[in-house]
Amino acid sequence: MSVLSIGLGLEEGRLEKEVGGLEELLLQMKINYYPRCPQPELALGVEAHTDISALTFILHNMVPGLQLFYQGKWVTAKCVPNSIIMHIGDTIEILSNGKYKSILHRGLVNKEKVRISWAVFFEPPKEKIILKPLPEVVTEAEPAQFPPRTFAQHIEHKLFRKSQEALLSK
């Protein structure tokens, strides 16, 4: 968080403070199990999405399958031994007014091997923090791209918008 703050030209602890500090940050872990699939082209492990968290850390069992949407196409993340994947979530995208992007990603199944990933999400408290672009990153030339809302409201908005889009596409 310190490096991301500095990258925005802010004081080192600014983003950490905005998500409630280390005392208030919530950590959630999700374990994804992707069984072997004889026809992986017909299945999807986890659909394309962005994470609502501030940051997400992913540890995996070295079986490829995490894909990122980059420059208009799906790219498979490299499996680097003894590494942890970290990516930015919606919370940091909102606070940075879109200067940092929440990465669109998905999880694929594998034909020959079981794939497992352990994702840890760093989230602000649901009701206590108001997420909005920081005043230091908002200018006349770059107005706020996101309305103020709590983390809980952001979750609702994301879920509701998705269900509305599904209804409209039918």
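Residues numbered from 1 in each chain as written. Predicted model: local features only at pLDDT ≥ 70, side-chain atom pairs only at ≥ 80, totals over all residues. Heavy atoms only, no water.

Chemist: Which parts of the structure should I look at to understand the overall build of the protein chain?
Modeler: Along its length, the protein chain carries five helices and ten strands. In terms of overall dimensions, the protein chain is globule-like: its C-alpha atoms have a radius of gyration of 17 Å, near the 15 Å expected for 170 residues. Overall, the C-alpha framework of the protein chain stretches about 50 × 45 × 30 Å when taken along its three principal axes. Here the protein chain, with 170 residues, has 38% of them falling under the buried criterion. Within the protein chain, counting contacts between residues at least 6 apart in sequence, those at least 24 apart form 78% of the total. With an accessible surface of roughly 10,400 Å², the protein chain has 59% of that area assigned to carbon and sulfur atoms. Put simply, the protein chain has 20 plus and 19 minus side-chain charges, and the middle of one group is 9 Å from the middle of the other. (Helix = DSSP H or I, 4+ residues; strand = E, 2+ residues; numbered from the N terminus. Rg over C-alpha atoms; globule rule 2.2 N^0.38 Å. Buried < 20%, exposed > 50% of the residue type's maximum accessible area, 1.4 Å probe, protein only. Contact = heavy atoms within 4.5 Å. Areas by Shrake-Rupley, 256 points an atom, 1.4 Å probe, with all protein chains shown as cover. Lys, Arg positive; Asp, Glu negative; His and termini not counted. Charge placed at Lys NZ, Arg CZ, Asp CG, Glu CD.)

Chemist: What am I meant to see in the layout of surface pockets here?
Modeler: To find leftover empty space, one rolls a probe the size of a water molecule over the atoms. Taken as a whole, the largest pocket spans an internal volume of roughly 670 Å³. Every residue lining the largest pocket is counted, 27 residues in all, and those nearest its centre are Lys30, Val46, His49, Thr50 and Asp51. Mapped by element, the contributors of at least two residues to the lining of the largest pocket are β1 (26-34), β2 (46-49), β7 (105-107), β8 (115-123) and α5 (151-169). Looking at the lining of the largest pocket element by element, the count peaks at six residues for α5. (1 Å grid on protein atoms, 1.4 Å probe; cavity = no way out; pocket = protein on both sides within 12 Å on 5 of 7 lines; lining within 4 Å. Points joined across faces, edges and corners; volume = space filled by probe spheres on them.)

Chemist: Please explain the UniProt feature "domain: Fe2OG dioxygenase" (unreviewed entry) in the protein chain as it appears in this structure.
Modeler: UniProt tags residues 25-124 as "domain: Fe2OG dioxygenase" (unreviewed entry). With 6% helix and 44% strand, residues 25-124 has end C-alpha atoms that lie 5 Å from one another. (UniProt positions renumbered as here; feature names shortened; annotations may be inferred.)

Chemist: Hey, could you run me through the pattern of salt bridges in this one?
Modeler: Opposite charge on two side chains permits them to pair, given that their charged atoms come into close proximity. All chains considered together, the criterion is met by six salt bridges. For arginine 14, the salt bridge identified is with glutamate 136, shortest N-O distance 2.8 Å. Here the residue arginine 14 occupies a position in helix α2 (residues 14-18), and glutamate 136 occupies one in the loop between β9 (130-131) and β10 (149-150), the gap between them amounting to 122 residues. Exposure remark for arginine 14: the relative accessible area of 12% places this residue in the buried category. Here glutamate 136 falls in the partly exposed class, since its relative accessible area comes to 44%. Beyond isolated ion pairs, a larger network of salt bridges with shared partners links Arg14, Glu18 and Glu136. (Salt bridge = Lys/Arg side-chain N within 4 Å of Asp/Glu carboxyl O.)

Chemist: Sorry if this is basic, but what is going on with the nonpolar core here?
Modeler: Inside soluble globular proteins, nonpolar side chains tend to come together where they are buried. One finds Leu4, Leu15 and Ile92 to be the most contacted residues of the largest nonpolar core, which totals 19 residues. Of all the secondary structure elements, the ones that give two or more residues to this core are α4 (90-95) and α5. No other element matches the three residues that α4 contributes to this core. (Core = buried A, V, L, I, M, F, W, Y, C linked by side-chain atoms within 4.5 Å.)

Chemist: Explanation requested: empty space enclosed by the protein in the structure shown.
Modeler: Inspection of every chain in the model, using the stated rule, returns one cavity of 30 Å³ or more. Empty space within the largest cavity amounts to approximately 70 Å³. Lining the largest cavity are Ile58, His60, Val63, Pro64, Gly65, Leu66, Ala77, Lys78, Cys79, Ile85, Arg115 and Ser117. The set of elements that each furnish at least two residues to the lining of the largest cavity consists of β3 (55-60) and β8. Partitioning the lining of the largest cavity into residue classes produces seven nonpolar, three polar and two charged. (Nonpolar A, V, L, I, M, F, W, Y, C, P; charged D, E, K, R; others polar.)

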